[in-house]
Structure formats: C-alpha cells, structure tokens
Amino acid sequence: MPGLNTSKSMSETISKRVDSLLLQMSLREKVGQMNQYNGFWDVTGPLPSEGESVKKYKDLKDGLVGSMLNVTGVPEVMRLQKIAVEESRLGIPLIIGYDVIHGFKTLSPIPLAESASWDVDMIRKSAEVAATEAAACGINWTFAPMVDVSRDPRWGRVMEGAGEDPFLGSKIAIARIRGFQGEELSSINTIAACAKHFAGSGFSEAGKEYNTTDISESLLHNVVFPPFKAAVKAGVKTFMNGFNELNGIPTTGNAFLQRTILKENWGFKGFVVSDWCSIGEMIPHGYAKDKSAASNSAIQAGSDMDMESYCYIDNLEKLVLSGKVDEALINDAVKRILTVKFELGLFDNPYKYCDITREKKVVGNKVITETVLEMAKKSIVLLKNEGHLLPLRKKGLNIAVIGALAKDKDSPLGSWRAKATENSAVSVLEGLSAYKGNNVTYAKGISLIKGSATFVSELEINTTDRSGIKEAVSIAKNKDIVLMVLGEHAFQTGEGRSRTSLDLPGLQQELLEEVYKVNKNIVLVLMNGRPLTINWADQQIPAILEVWHLGSQSGNAIAQVLYGDYNPSGKLPITFPKSVGQIPVYYNHKNTGRPTKPSNDLVFWSHYSDQDNTPLYPFGYGLSYTSFKYDQLKLSRDAFTKRESIKVSVRLTNTGNYKGTEVVQMYIRDIFASITRPVKELKGFQLVSLNPGMSKQIEFTIDEELISFYTANQKWEAETGDFELMIGGDSVKTVSILFSFID
Ligand code: GLC
C-alpha cells in the first residue's frame, strides 16, 4: 500500500498503529474517514440527489471515503476496495457495511420471531451463520442488532427488534452481537456489529415512523437503555443513532446520549455512525440552520461517521479551520473508526473478505440452511389449540389450504431481506408437500395486495376483489382440516410501514369468516411482522399458530410444527392487544393508584368503559402440544442483604403426552420504592426440555444486581424493601412468593 507506514511485522498494539497512521493524515483525509457513501444502486433511504456517483468515485480515489454501505458481492467490494487501497495516497481500506438484519442471502426468521424462541444460544448461532455468509460476500460490518425496546405494534419496525422487554432484549442483544462478532473479530467469518438506534426510536409518538419521542429519565434508564448498555458490555464495535428527536434534541445531535451516556458513562470505545442522512435531517427537524450547523452539532454530540448526508465531507474541514470545531474531536472519531478497521484485520489484508471461491462455497451451504430451519421452528408460537386439533395426523386427512400467503415464497423473507433472492423462501404449500400421507387442496381465496411490492414503495392492499372467495369456500367444504394462512405481506412491516389498524389486512377477515361458515375445523397460520388484533379468530378458531415472517426455511418449519415433528416452544416477546385503542399495552406496566374496580361498581378506577384492560395474548405467552405444571416454589431464605444472594426453586413437570420445551420465566415486583415500579419485571428465564411425566427442579439466583434499577437518586442501585417473585410459563399464570432485601 503506497505511503502507508504500517507493516504486518509491527508488534505495536492497534492503538499505536492508529496513532502513527493518524499522524500521516491530512485534516481532509481524516474527515474522509468519517464519510460513508451508499453504493451506487441499492438504497435504504432517500437519495440526496442523482448523479452523485462521479463525486463518489473521485472521493474514493482521493481517500475521502471511510466506508461504503449497500455494496455487496466479492467482485463489487473488491473493485471499490482496490480504488481506496491502491489509488489513494494512504491506501486506508474501506469498512463495508450492510443491513444483515436476519441473514444475508439465506434468511432466518425476522428478529421479533427469533426473539419469540427465547433461545439465546440459537439466536447467537443464527447471527453467526448470517455473519459467515455476509463475510463471504465482502461484508465486514452489519447494521444490527436493532435493540430498540418497543411497546407499540403500530410501528413497522417492531419486526426488527426483540419486543417490549429490556431484560429479554438485553440477553438477545448480547447473543446477536456475539454471533456476529464471534470471539475474534479479525476472523474471516465474523463482522462488526452495530447496536441501533440510539436511542428511543421504539417510543415514537403514536407508533408513526420517524416521529417525535418524549421519554422520561426513568423510562430511558430503566427500559430504553439496558439493551444498549448490554451491547457495550458485550463488546459491540459500533453504534448507530436514529432519526428521532429525543426530548427535543435529535439523537444525532444529542450529546447527552452519545457523549455523556455512551462514551463517558458506559466507556464505549467503538464508533457511532449516523443513521441514513440523519445529520442533514437536523435541518427539517428545526434543530440546525444549515448543513454546517448540522455538522457542528453532530460532531460535538459524538456522531463519528456520516451516513450518506454529505454533511461532514462538505463542512467539517471548514469548521475546524474556522476554529468552531476542535480538531481533537476529529482525531477521536477517526481513531475510533481506524481501530475497528484494524481489529477487523483490514489493514493486514484489505481483500480478506473478497474471496470469490469462498463466496460460492459458503452461500446457502448446508450448515447455514439447517441453522435457519432450526431457528425458524423455535420461533413459532402456538396461541390456541382447542380440542388438540394440532398436531395433524400424517395420514388419511383431506386438507384444504387457503390464503395467498400459503403459496407466497416472498413474504416469509420479511422486509429487511438483505440479498435474499426474491421468491426464494420455502412456502407453506411446499413445506406441506414433504408430507405425502394426506390429500391437500389449495385455493388462494383473495389476493393480499394489488400489483407488486418493493422495499421502498407503498403497498396497495386489495380491498375490492372478492372473486376468489367462492372457490375457497367450496374447497373448504367437507374437508377434515382447513389451514388458513393469513397475515401481513412482508412489505407491510419494517421501516416506514406504520399502521393505524392491527386487524388482518384487506379482505382476509371476510375470507376467514366465509370459510368458517362451511367448516369450523380451521387452523389459522398467522404470517405477520407485528402483533395483530385477531379477536374474532381467538374466539372462534380452534387452533392458531403464530409463524411470523419465518425466513428462507419458512414452509418446512411450519409443516414440521403442524405435523408435530417439532413441538412448538415459542413465547411472545411482545403483547398482542385486543384493540389499537389499548396501545401502549404491555406487561411491565405501573399499578397506578386505582388499579382495581371499586366494590360499589363506581367508574373511578384505571380502565376503559368499552373494553377490558387485559391484552389478547400477554407477554411471554405460548402453548405447547404438551402441558406443564409448576409447584414446590421455595426460597433458600426469605431475606438477604448486600453482597448476599438467595435462591428460588420451582418444580416443573411435563403433565402431557409430548416431549416439550418450556420457557420458565421469573418475574419480580419491587412493591414500594423511591419511584413507582412495574407490577412485574422479567428477571430470569430458562428453557427446559422434559419428556412426558418427567419433572425437574429449576433454580434461579436473586442478588442485589438483579433487583437494581435507576432510582430517584439518579443512579443504578438496589433499595431495601419487600419484593414479590413470580414464576410461570408466561407473564400472567405464575406461582408467587415474597422475599425482602434488607440492610
Ligand atoms: C435505514 C435504517 C437503518 C439502516 C440504515 C442503512 O434508514 O434506519 O436502520 O441501518 O438506514 O440502511
């Protein structure tokens, strides 16, 4: 590499190699490292203007690009990397970023579905194979995991996160980061991860995308921050901020978030990339007068890299030369960026991710395919199974399969589908065809959408064409079972896809009711990216399976669960409301001063007059083909002090006829404290597999850290007092016991 005074033999630590490189860089070249351009075709956000590719190539040659995103495939990555490394003065390699959200080309289930498995080891493996496949195709950085806690299913991006709970979200964030980054970031199968969107975008007002967030200090520290803090502890190499303003200040220009909390309090040593154009968007936010002011706010606030807004590359050098920005801020940002590139091994071999033979060998290989299938099976949640309609017999049944989504090979890929080939998922029909003993007839019923759909375009839902309902009803008659695959099109979920209704879209409810009139033996297979208000189905339909958008192996996983070759073990990571009017409705809510109905039936209590307070399905809920019993709940001691801990144990018994896995969940309530506390909070979970009739003693440890929270003293600590501990298979049906934390 011309001019670059670093050498493989140097035994210096990375920080010394960074320092010596920094000394060789001009101010303009330093700013170049803080500049990230989109590739020349794929877009994941609004493009600044047409015809920018000429500028991009020139800046590449001049060493003024630190990173590219949306560039994939060995040949293309190699082409751009060669320009950066062999044509620029210092030959600093690019870091190539991409949204590897739930797989690269072979897709696992959407993150919300994976979270429903609660199987953090499986989730880690899923991220591991995603990294392997992406790295084989030139990628060395993913913009994942998205760790935004959200309680609002109107928000399209709930599909991308781990649901409503900070404890589960933290464990899953750690699993995903460890899966992506592995033990050794310089390995050719690992990529840098990115915790996003820091912070609060999951609380966008009214669930509307990119909307304002107003979040109290207590909610920030006790609910929003924990998964991000866990990500830092897990060694995540990068963060991404967001599009939202937080309490009046856009996250991109929010020094409280990025400097005080992230870099100072939590000691984060990686770098922060802005979200797509979010630096420039501080102008429409009404926070910056122009791009120069936006660039100044962003760098002062700790945004180290500018994704595709051209603000930094056009303004930072002038801001430093005019004295408005201290060059020390630039140096800090560039050192952070270069450090990650060194850790990835990009300076030792900029083309290590560019091996065309490896790409061909790795993509879609057996291990990757089997892993995403296993992940898919574990992500499925059984919501209802009246009369044990499921699992289906494998022989002698006449089955009608109805619904456009049953044949849809595209929607299971979800909306953040990276480089998955269109229509490449195994459909439900194809999965069922692996079971030869039954007679299966198919009818679409109705189209879900009109015309076609893309990642960036608005969808048109079919609300008029009922022509196929008659055929669907006719094939449903006199069948033993009707499988109805209904839900959301992939591109009704994800970024920019907020909905005001959570009902089954279009004419699906009508189709369901028409079929129900002729055959009540319906299994509803729900294919969606967010909770849906399926109240009618919950009351009328005997069996309901939540299969989400399940990835490339969707149909095989669904068929194996329907036929009992896999006993569903998933539990909901997010509450399903009965109505949009209840939102936000979530399990770890506060008690209020009037939680219960007065005995004299007055209205003066916290409730709605037209709906009960309970959700359709609570957080942590999920059934099995078998059943489980919890008893013998006991504590090692009923009180403990600082530096001590106690143990709680419960006996779990498989009381059914199938081997099954139960997610044993432990919740704790801090009954009174310096700020009001939720009626319960998830504080532990274990996956336990038991054969029929078997029992096992399950144990959890309770210590000071577990009951700590951000108190009225504005610090993370435990407070003495009384606590209620609850254990069960969801957040509602639990056995409970009291303990105290004492001085
Ligand atoms: C998008 C998303 C962000 C993504 C980025 C790059 O707008 O908000 O999550 O990583 O742009 O595609």
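Residues numbered from 1 in each chain as written. Predicted model: local features only at pLDDT ≥ 70, side-chain atom pairs only at ≥ 80, totals over all residues. Heavy atoms only, no water.

Right, let's get into the nonpolar core. Judged by nonpolar contacts, the single largest core of 190 residues is most densely connected at F198, F239 and L562. At eight residues, helix α13 (residues 327–343) tops the list of elements feeding residues into this core. Once residues lying within four places of it in the same chain are set aside, the contact partners of F198 are F225, F228, F239, M240, N241, G242, T251, L257, Q258, I261, L262 and W266. Membership of the second largest hydrophobic core comes to 41 residues, among which are F167, L635, I668 and L725. (Core = buried A, V, L, I, M, F, W, Y, C linked by side-chain atoms within 4.5 Å. Buried < 20%, exposed > 50% of the residue type's maximum accessible area, 1.4 Å probe, protein only. Helix = DSSP H or I, 4+ residues; strand = E, 2+ residues; numbered from the N terminus. Contact = heavy atoms within 4.5 Å.)

A separate point is the packing of helix α6 (residues 120–136) against helix α15 (residues 366–379). Relative to each other, α6 and α15 sit at 145 degrees, their axes nearing to 10 Å. Crossing of α6 over α15 shows left-handed handedness. For the pair α6 and α15, the contacting residues are M122, I123, K125, S126, V129 and E133 in the first and I368, T371, E374, M375 and K378 in the second. Tallied by class, residues from the contact of α6 with α15 come to five nonpolar, two polar and four charged. (Axes fitted to C-alpha atoms, helices over the stretch in contact; angles between N-to-C directions. Left-handed = near helix turned anticlockwise from the far one by under 90°. Nonpolar A, V, L, I, M, F, W, Y, C, P; charged D, E, K, R; others polar.)

Here the focus is the sheet that holds strand β3 (residues 95–98). Read across the sheet, five strands follow the order β4-β3-β2-β1-β10 without closing on themselves; strand pairing throughout is parallel. Here the strands that pair on one side only, and so sit at the sheet edges, are β4 (141–142) and β10 (306–307). Two elements, strand β1 (residues 35–38) and β10, share two bridges in a ladder whose sense is parallel. Bridging from a neighbouring strand, Q36 pairs with M307 of β10. (Pairing = 2+ DSSP bridges.)

What follows concerns the packing of aromatic side chains. Counted under the stated rule, the structure contains 28 aromatic pairs. Plain terms: the ring middles of Y37 and Y310 are 5.1 Å apart, the flat faces sit at 45 degrees to each other, and that makes the pair tilted. Here the residue Y37 occupies a position in strand β1, and Y310 occupies one in the loop between β10 and α12 (311–321), the gap between them amounting to 273 residues. Residue Y37 is classed as buried on the basis of its relative accessible area of 0%. Residue Y310 is classed as buried on the basis of its relative accessible area, which comes to 5%. Ring geometry for W548 against F576: centres 6.2 Å apart, planes inclined by 70 degrees, an arrangement best described as edge-to-face. (Phe/Tyr/Trp six-rings, centres within 6.5 Å; stacked < 30°, edge-to-face > 60°.)

Turning our attention to the confidence of the model for the protein chain. Averaged over the protein chain, the pLDDT score is 96; the fraction of residues at 70 or greater is 97%. Confidence, expressed as mean pLDDT per element, reaches its minimum in the protein chain at helix α3 (residues 53–61) with 88 and its maximum at strand β9 (residues 271–273) with 99. (pLDDT = per-residue confidence, 0-100.)

Our next topic: the packing of helix α11 (residues 291–300) against α12. Interaxial distance between α11 and α12 falls to 9 Å at its minimum, and their mutual angle equals 80 degrees. The angle between α11 and α12 falls in the class roughly perpendicular. Facing α11, whose interface residues are K291, S292, S295, N296, A298 and I299, α12 presents C311, Y312, N315, L316 and L319. Each residue belonging to the contact of α11 with α12 can be placed in one class, and the counts come to six nonpolar, four polar and one charged. (Parallel < 35°, antiparallel > 145°, perpendicular 65-115°, else oblique.)

A separate point is the state of the cysteines. Here a disulfide denotes a covalent bond joining the sulfur atom of one cysteine to the sulfur atom of another. On inspection of all chains with the given rule, the structure shows zero disulfides. You can see C194 has no disulfide; the closest cysteine sulfur is in C277, sitting 16 Å from it. The class for C194 is buried, based on a relative accessible area of 0%. There is no disulfide at C354, and the cysteine sulfur nearest it, in C137, is 10 Å away. (Disulfide = S-S within 2.5 Å.)

What follows is about α13. Helical periodicity: at 3.6 residues per turn, an α-helix aligns residues three or four positions apart in one direction. With 17 residues, α13 extends 24 Å from end C-alpha to end C-alpha; this agrees with the ideal 24 Å at 1.5 Å per step. The complete set of buried residues in α13 reads L329, I330, A333, V334, R336, I337, L338, V340, K341 and F342. The residue sitting at the N-terminus of α13 and contributing the capping side-chain oxygen is D326; that oxygen lies 2.7 Å from the backbone nitrogen of A328. With its phi angle positive at about 85 degrees, G345 sits one or two positions after the end of α13. (Expected span 1.5 Å × (residues − 1). Polar contact = N/O pair within 3.5 Å; in protein donor to acceptor, adjacent residues only side chain to side chain.)

A144 connects to P145 through a cis peptide bond whose omega is 10 degrees. Here P145 lies in the loop between β4 and α7 (166–181). Backbone geometry at A206 places phi at a positive 65 degrees, although glycine is not the residue there. With respect to the helices and strands, A206 occurs in the loop between β5 (194–198) and α8 (217–224). On the accessibility criterion, A206 (45% relative accessible area) is partly exposed. In this model, H388 sits at a positive phi of 50 degrees, which is unusual for a non-glycine residue. With respect to the helices and strands, H388 occurs in the loop between β11 (381–385) and β12 (398–402).

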